[in-house]
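Listed here are the chains, written in short residue letters.
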Protein chains: 2
Amino acid sequence: MTLAPYSDDYFMRQALQEAEKGMHADEVPVGAVIVAKNQIIARSHNLTELLNDVTAHAEMQAITAAAENLGGKYLINCTLYVTLEPCVMCAGALNWSQISKIVFGARDERRGAGRYENIYHPKTEVIGGILKEECRQLIQDFFRKKR
Amino acid sequence: MTLAPYSDDYFMRQALQEAEKGMHADEVPVGAVIVAKNQIIARSHNLTELLNDVTAHAEMQAITAAAENLGGKYLINCTLYVTLEPCVMCAGALNWSQISKIVFGARDERRGAGRYENIYHPKTEVIGGILKEECRQLIQDFFRKKR
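Residues numbered from 1 in each chain as written. Chains lettered and ligands numbered in written order. Predicted model: local features only at pLDDT ≥ 70, side-chain atom pairs only at ≥ 80, totals over all residues. Heavy atoms only, no water.

Participant: Talk me through the packing of helix α4 (residues 88-97) of chain A against helix α4 (residues 88-97) of chain B; I want residue IDs and the actual numbers.
Facilitator: At a minimum axis distance of 7 Å, the contact between α4(A) and α4(B) shows a crossing angle of 160 degrees. When the interaxial angle is binned, α4(A) and α4(B) end up roughly antiparallel. Remark: the crossing between α4(A) and α4(B) carries left-handed chirality. Residue-level contacts link A:V88, A:M89, A:G92, A:A93 and A:W96 of α4(A) to B:V88, B:M89, B:G92, B:A93 and B:W96 of α4(B). Of the residues that constitute the contact of α4(A) with α4(B), the class distribution is 8 nonpolar, 2 polar and no charged. (Axes fitted to C-alpha atoms, helices over the stretch in contact; angles between N-to-C directions. Helix = DSSP H or I, 4+ residues; strand = E, 2+ residues; numbered from the N terminus. Parallel < 35°, antiparallel > 145°, perpendicular 65-115°, else oblique. Left-handed = near helix turned anticlockwise from the far one by under 90°. Contact = heavy atoms within 4.5 Å. Nonpolar A, V, L, I, M, F, W, Y, C, P; charged D, E, K, R; others polar.)

Participant: Tell me about the sheet that holds strand β3 (residues 78-84) of chain B, and please be specific about residues and values.
Facilitator: All names here are of chain B. On the basis of which strands lie adjacent, the open sheet formed by 5 strands has the order β2-β1-β3-β4-β5 and mixed pairing. Strands at the two margins of the open sheet, each flanked by one partner only, are β2 (39-45) and β5 (125-127). Here the average twist between neighbouring strands, direction ignored, is 15 degrees. As defined by bridge partners, strand β1 (residues 31-36) adjoins β2 across 6 bridges and the pair is classed as antiparallel. The residue of β2 that forms the bridge with V33 is R43. In this fold helix α5 (residues 132-146) packs onto β3 and β4 (101-106), with an angle of close to 60 degrees to the strand it touches most, β4. (Pairing = 2+ DSSP bridges.)

Participant: I'd like a rundown of the pairing of β1(B), residues and numbers included.
Facilitator: Residues and elements named next belong to chain B. Burial runs high along β1: 6 of the 6 residues are buried. Taken together, β1 and the strand that follows it, β2, pair antiparallel across an intervening segment of 2 residues, in which K37 is found at a positive phi of about 50 degrees. Pairing analysis gives 5 bridges linking β1 to β3, with the strands arranged antiparallel. Bridging from a neighbouring strand, A36 pairs with C78 of β3. (Buried < 20%, exposed > 50% of the residue type's maximum accessible area, 1.4 Å probe, protein only.)

Participant: So, α4(A): which residues are in play, and what are the values?
Facilitator: Across the 10 residues of α4(A), 9 count as buried, placing the element largely inside the fold. Inspection of α4(A) places A:V88, A:M89, A:C90, A:A91, A:G92, A:A93, A:L94, A:N95 and A:S97 among the buried residues, and these make up the whole buried set. If you follow the buried residues of α4(A), they end up packed against α3 (58-70), β3 (78-84) and β4 (101-106) of chain A together with α3 (58-70) and α4 of chain B.

Participant: Quick rundown of the interface of chain B and chain A? Include the residues and the values.
Facilitator: Tallying the contact residues gives 28 residues for chain B and 28 residues for chain A. Summed over both partners, the interface of chain B with chain A comes to about 2400 Å²; 62% of that surface belongs to carbon and sulfur atoms. At the boundary of chain B and chain A, one finds 2 salt bridges. Note that B:K73 and A:E49 form a salt bridge whose closest N and O atoms lie 2.9 Å from each other. Linking chain B with chain A are 13 residue pairs in polar contact (both at pLDDT 80 or more). Breaking the side of chain B that touches chain A down by element, the ones donating at least two residues are α2 (48-51), α3 and α4 of chain B. Among the elements that make up the side of chain B that touches chain A, the one with the highest residue count is α4(B) (7 residues). The class makeup of the residues in the side of chain B that touches chain A is 12 nonpolar, 11 polar and 5 charged. (Buried area = accessible area lost by both parts, 1.4 Å probe. Salt bridge = Lys/Arg side-chain N within 4 Å of Asp/Glu carboxyl O. Polar contact = N/O pair within 3.5 Å; in protein donor to acceptor, adjacent residues only side chain to side chain.)

Participant: Before we move on, can you summarise the sheet that holds strand β1 (residues 31-36) of chain A with the specific residues and values?
Facilitator: All names here are of chain A. Strand order across the open sheet formed by 5 strands is β2-β1-β3-β4-β5, with mixed pairing between neighbours. Looking at strand neighbours, the two that pair on one side only are β2 (39-45) and β5 (125-128), the edges of this open sheet. Going across the sheet, the axis of each strand differs from the next one's by a mean of 15 degrees, ignoring polarity. The sheet strands contacting α3 are β1, β2 and β3, and the helix crosses β2 at an angle near 145 degrees.

Set out below in structure tokens:
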């Protein structure tokens, strides 16, 4: 399958690759990339087990790495691709970052920030559902194996 | 002035000392300590400027440090003392940590997590207003000097 570079599907596939790395490392498989000017400037997956740290979600790692890469703490004109809908912590961090766009894959009914109104920055565009079946399947498979 | 050790005022003074360190480092002066069995296991202040990272709030640093100290990522039976009401990001992180108690100083009308219902873990007790005048004054002085 060929994917148009710079499409939401293309970058979500990159986030899915990150999520798969998480899967192999026995982490809840959530992956993220941050894109600026069509270039990936940060890639990460969930590291809560490895780092023994509840704050080590994929999005948090990506925000920190992207800011480091850009040399500034605000992510204006950047887009985050993440395989699972951000939780409240990550949505709050994304709000502080003033990121321009958030694209997530599967919705997280239980812990997703979508349960709250006005949690994202008013200037941030949020889109859900890109490659949602594959994103959801990965997490489902992970928890099925755990049981 | 003598302060009873192990009182909320005592530990909030420790958090205030951290906030003052932030003030001297030209960071928004918010400080935090985490206490387990009446011992301080983590102390931190806001480091967003130094680390160039919007996620580097005092609470986030303290959660990471306390988990490292305890050797486990959950902060059950711990209390966080923080000079300013946690924001949405920090409230979300504290929820994941399952911390038992949160004591904050000044309320944050604009960015505080108190704007949202059910944002903290259902088992977390949250108390506000301890040494609130001193906590608020420190932040007010900081922003006054900035203008």
